[in-house]
Amino acid sequence: MSASDRFPFFREFQPPAGAEGWERMYPYFLTSQPEGERLEDARLWFADTMHWSRAVYPLDSIGAEAVYLGAGQNSARIFALPTSLGLDMRVVNGYVYISPTGITDPDLINERLVHFQERAGYYFANWEELYEKWKAKMSAVVDTMRAIDFPALAEYEPIEVVTEARGRSTAWDLIAGYHQLIDDFFVAWQHHFEFLNLGYGGYITFFQTCKQFFPEISDQAVARMVAGVDVLAFRPDDELRGLARKAVELGVDDIVTRRDDPAAIVAALRDTEHGRAWIDALETAKDPWFNYFAEYGFLHDQDTWLSNPSIPFAGIARYIQMLQGGENIARDVAKLRAERDEIVAEYRGLLSDDEAAQFDGMLQLARTVFPFIEEHNIYVEHWTHSVFFQKLRELAARLVEAGFFEDVEDMYLLNRFELDEVLSDVVASHVIGVPARGVQKWRAEVAARRDIMTALRTQPAAPALATPPDEITDPFAIMNYGVTTERIRGWLGQTGGGEGALAGAAASPGVVEGVARVILTEKDLPQLQPGEILVAPITAPSWGAAFSVASAVVTDIGGMMCHAAIVCREYGLTAVVGTGFATTRIATGQRIRVNGDDGTVTIIGEAEKAA
């Protein structure tokens, strides 16, 4: 096989200068080992930059562990998907790469099909009831995590340890609480995939039914048949719209739109009765809707709306300015539903009575499961992760207080097993009354790892590694990540630096020409000007306010069922997702044409000076 038929193998994808020895930072089973090399070479691995957009710190790699353990157990062992096991995973040069594990043996597929039909059928038949129980389970996990306490190491234990005859010290709570936090995080991710794979499965079944009945139907037309949903994923953005309307109604809109920091805006609002009323509305919205990550929430250094209020304030200001300009900021759900119903009626009218009955059943199933595909993000990626990282920050502060680390950021340079050892060292040495034994060892290692992380983050992830199959068939790779046979061929052709149109998935219809604005994180979203085309690695659910001013959206990764695709259809915004290279090939200020009907993005003009 020539080099053009495959991507670099793991060992050929060299780390940047200064990152040598990066492998030692991660648990061994997350990195390539000699006995797995032949298998790794023979398979396709694509970068999961949707969830880990940057090289991951060692402690942040727990997310990759938890995600793919949860995905694998539900796909392979609980629901027994007939044609798929789990998604294998490796960390390469600090980035997370995944590889679908398909099943091709017909006998094994038939054996698993029997189990799948019984198990998935039970969930589909009792979806609403089980989904309500799922919400209660997730809320309980978040509450348990929130209750974890990491007490300061005291010279003397509280007197209650004696008067209540507890028989254990509060110092032990650092170790026990850490173990509880890790366990809860893994449990949350097992819950995450309890419904998600089935949700995708229900939609894919409907998708395949449509393709069977209407061979010429576009992917987009199928997706639009389930548009117009009312799910929690839109609620945080709806809260920003509500706060914008409230500011205008109360006459404090000019204060809220000042380019001050949020603390200064709030201080100014406290001087008036109407200002205080707006602050009350803001505080009501915060819990839980501002427990919302600016990105996907898998890295400890990502902001939430609570930790960086300038993000939601910028969104509120955008909506206020639209209201001041006489625009309607409501999401036009009625229009979406009318279009949806029109498409359904058009295609359904082509079927016989028996076919229409089958079509109706599959459509109902898709609409039943579809809300979970968007809502689960709120419970897991936002509420669970925001509490998880908050608790880690509290633990890091204790280790700094104990003199083990110099800075709270140092803790994230250890992986979860190394941190467990450190806690044992810190707690044991404290209760014994001697110095911790690992301070010098870990401070030297942390200093070295800090340099390695800095180097790793200078090099972007390669979109894929190793050997692609003749055809990509994994439904999750296609629907969620946009990794298709055509996309892989495109990546192989583009890795040499060629020019021309970028090809992706036609996620939301329309053709738009305009000025590109490349945005790598939500912190940069205030730079987006009305009418510009948003070009990003991937969008996050918290980017809703940006969709109200962008004229179109282009992403590096994602498929028809990724967040960007779903939300752009809901906002009526033209979109092409999964281009692979948009953020590196397109520069801010260039004029581009986004064709959401055929999935192409073309650079049509040189960069202009951006505002």
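Each remark here, short or long, concerns the structure printed above.
J.: Quick question: what am I supposed to make of the packing of helix 14 (residues 353-401) against helix 20 (residues 563-571) here?
T.: A pair of packed helices can be characterised by two numbers: the angle between their axes and the separation between those axes. At their nearest, the axes of helix 14 and helix 20 sit 11 Å apart, and the two run at 115 degrees to each other. Classed by the angle they form, the pair helix 14 and helix 20 counts as roughly perpendicular. You can see that helix 14 and helix 20 cross each other, and the crossing is left-handed. When helix 14 is examined against helix 20, the residues Phe370, Ile373 and Glu374 are found in contact with a partner set consisting of His563, Ile566 and Val567. In terms of residue class, the contact of helix 14 with helix 20 is made up of 4 nonpolar, 1 polar and 1 charged.

J.: Please clarify how helix 11 (residues 273-289) should be interpreted in this entry.
T.: The α-helix winds at 3.6 residues per turn, so residues separated by three or four positions along the chain end up facing the same way. For helix 11, spanning 17 residues, the distance from its first C-alpha to its last is 25 Å, which sits close to the expected 24 Å at 1.5 Å a residue. Turning to helix 11, its buried residues number three or more, namely Gly275, Trp278, Ile279, Leu282, Ala285 and Trp289. Considered in projection along helix 11, the buried side chains sweep an arc of 130 degrees and stay on one side of the axis. Of the exposed residues in helix 11, the ones pointing more than 90 degrees away from its buried face are Glu273, Asp280, Thr284 and Asp287. Elements that come into contact with the buried residues of helix 11 comprise helix 8 (235-250), helix 9 (253-256), helix 10 (262-269), helix 12 (310-324) and helix 14.

J.: Looking at this model, I keep getting lost on the sheet that holds strand 12 (residues 600-605). Mind explaining?
T.: In a beta sheet, neighbouring strands pair by backbone hydrogen bonds and run either parallel or antiparallel. With mixed pairing, the 8 strands of this open sheet are ordered in space as 5-12-11-7-8-9-10-6. Here the strands that pair on one side only, and so sit at the sheet edges, are strand 5 (502-503) and strand 6 (505-508). Packed onto the sheet, helix 20 meets strand 6, strand 9 (552-555) and strand 10 (574-577) and runs at close to 40 degrees relative to strand 6.

J.: Explain the sheet that holds strand 3 (residues 95-102) to me, please; I cannot follow it from the model alone.
T.: Spatially, 2-3-1-4 is the arrangement adopted by the 4 strands of the open sheet, whose pairing is antiparallel. Each having just a single partner strand, strand 2 (84-92) and strand 4 (464-466) make up the two edges of the open sheet. If you compare each strand with its neighbour and ignore which way they point, the axes differ by 30 degrees on average. Two strands pair when backbone bridges link them, and strand 1 (residues 44-47) and strand 3 are joined in this way by 2 bridges, in the antiparallel orientation. Paired with Phe46 across the two strands is Ile98, which belongs to strand 3.

J.: Would you mind showing me how to read the packing of aromatic side chains here?
T.: How two aromatic rings sit relative to each other is set out by the distance from centre to centre and by the angle between their planes. Under the defined criterion, the tally for this structure stands at 32 aromatic pairs. Ring centres of Trp189 and Phe193 lie 5.9 Å apart, and the angle between their planes is 40 degrees; this geometry places the pair in the tilted category. One end of the pair is Trp189 and the other is Phe193, both in helix 6 (residues 172-213) and 4 residues apart, which spans about a single turn. The exposure class assigned to Trp189 is buried, which follows from its relative accessible area of 1%. Seen from their ring centres, Phe388 and Phe389 are 5.3 Å apart, and the 70 degrees between their planes marks the pair as edge-to-face. Assessed through its relative accessible area of 5%, Phe389 is described here as buried. Connected via pairs of aromatic rings, a cluster forms that spans Phe79, Tyr122, Tyr123, Phe124, Trp127, Tyr131, Trp134, Phe195, Trp289, Tyr379 and Trp383. Lys135 extends its terminal NZ or CZ atom over the ring of Tyr131, reaching a point 4.6 Å from the ring centre. In this structure, Arg585 is placed above the aromatic ring of Phe581, and the distance from its NZ or CZ to the ring centre is 5.0 Å.

J.: Help me understand helix 20 in this model?
T.: A large share of helix 20 lies buried, amounting to 9 of its 9 residues. Three or more residues of helix 20 are buried, namely His563, Ala564, Ala565, Ile566, Val567, Cys568, Arg569, Glu570 and Tyr571. Of the residues flanking the end of helix 20, it is Gly572, one or two places downstream, whose phi is positive at about 65 degrees.

J.: Just to check I follow, could you spell out the pattern of salt bridges for this structure?
T.: Pairing is possible between side chains that carry opposite charge, provided their charged atoms lie close to one another. Tallied over the entire structure, the rule returns 32 salt bridges. Measuring nitrogen to oxygen at the nearest pair gives 2.8 Å for the salt bridge that ties Arg457 to Asp301. Within this pair, whereas Arg457 is found in the loop between helix 16 (439-456) and strand 4, its partner Asp301 is found in the loop between helix 11 and helix 12, the two being separated by 156 residues in sequence. With relative accessibility at 27%, the residue Asp301 sits in the partly exposed group. The residue Asp360 makes a salt bridge to Arg348 at a minimum N-O spacing of 2.6 Å. Of this pair, Asp360 sits in helix 14 while Arg348 is found in helix 13 (residues 333-348), placing the two residues 12 residues apart along the sequence. In this structure Asp360 comes out as partly exposed when scored by relative accessible area, which is 30%.

J.: Looking at this structure, how should I read unusual backbone geometry?
T.: Negative phi characterises most residues that are not glycine, and trans characterises most peptide bonds. Looking along the chain, the bond that leaves Asp287 and enters Pro288 is cis, with omega of 15 degrees. Take Pro288: it is sitting in helix 11. With a phi angle near 55 degrees, Ala80 is a residue other than glycine that sits in the positive phi range. Summarising the element assignment, Ala80 is placed in the loop between helix 2 (62-78) and strand 2. Positive phi, normally seen in glycine, also occurs at Ala466, with a value near 70 degrees. Within the element layout of this structure, Ala466 appears in strand 4.

J.: Whenever I open this one, empty space enclosed by the protein confuses me. Can you help?
T.: Where empty space is left can be seen by rolling a probe of water-molecule size over the atoms. The full count for this structure, using the stated rule, is 4 cavities of 30 Å³ or more. Reported here for the largest cavity is a volume of approximately 340 Å³. Every residue lining the largest cavity is counted, 32 residues in all, and those nearest its centre are Phe193, Leu196, Tyr200, Asn480 and Tyr481. The set of elements that each furnish at least two residues to the lining of the largest cavity consists of helix 2, strand 2, strand 3, helix 6, helix 14 and helix 20. Among the elements that line the lining of the largest cavity, the one with the most residues is helix 6, at 6 residues. Residue classes in the lining of the largest cavity are distributed as 18 nonpolar, 11 polar and 3 charged. The computed volume of the second largest cavity comes to approximately 100 Å³. Lining the second largest cavity are 13 residues, with Met50, Ser53, Glu295, Tyr296 and Ile538 positioned closest to its centre. Within the lining of the second largest cavity, the residues separate by chemical class into 7 nonpolar, 5 polar and 1 charged.

How each quantity is defined
- Residues numbered from 1 in each chain as written.
- Predicted model: local features only at pLDDT ≥ 70, side-chain atom pairs only at ≥ 80, totals over all residues.
- Heavy atoms only, no water.
- Axes fitted to C-alpha atoms, helices over the stretch in contact; angles between N-to-C directions.
- Helix = DSSP H or I, 4+ residues; strand = E, 2+ residues; numbered from the N terminus.
- Parallel < 35°, antiparallel > 145°, perpendicular 65-115°, else oblique.
- Left-handed = near helix turned anticlockwise from the far one by under 90°.
- Contact = heavy atoms within 4.5 Å.
- Nonpolar A, V, L, I, M, F, W, Y, C, P; charged D, E, K, R; others polar.
- Expected span 1.5 Å × (residues − 1).
- Buried < 20%, exposed > 50% of the residue type's maximum accessible area, 1.4 Å probe, protein only.
- Arc of directions from axis to C-beta.
- Pairing = 2+ DSSP bridges.
- Phe/Tyr/Trp six-rings, centres within 6.5 Å; stacked < 30°, edge-to-face > 60°.
- Lys NZ or Arg CZ within 6 Å of the ring centre and 35° of its normal.
- Salt bridge = Lys/Arg side-chain N within 4 Å of Asp/Glu carboxyl O.
- 1 Å grid on protein atoms, 1.4 Å probe; cavity = no way out; pocket = protein on both sides within 12 Å on 5 of 7 lines; lining within 4 Å.
- Points joined across faces, edges and corners; volume = space filled by probe spheres on them.

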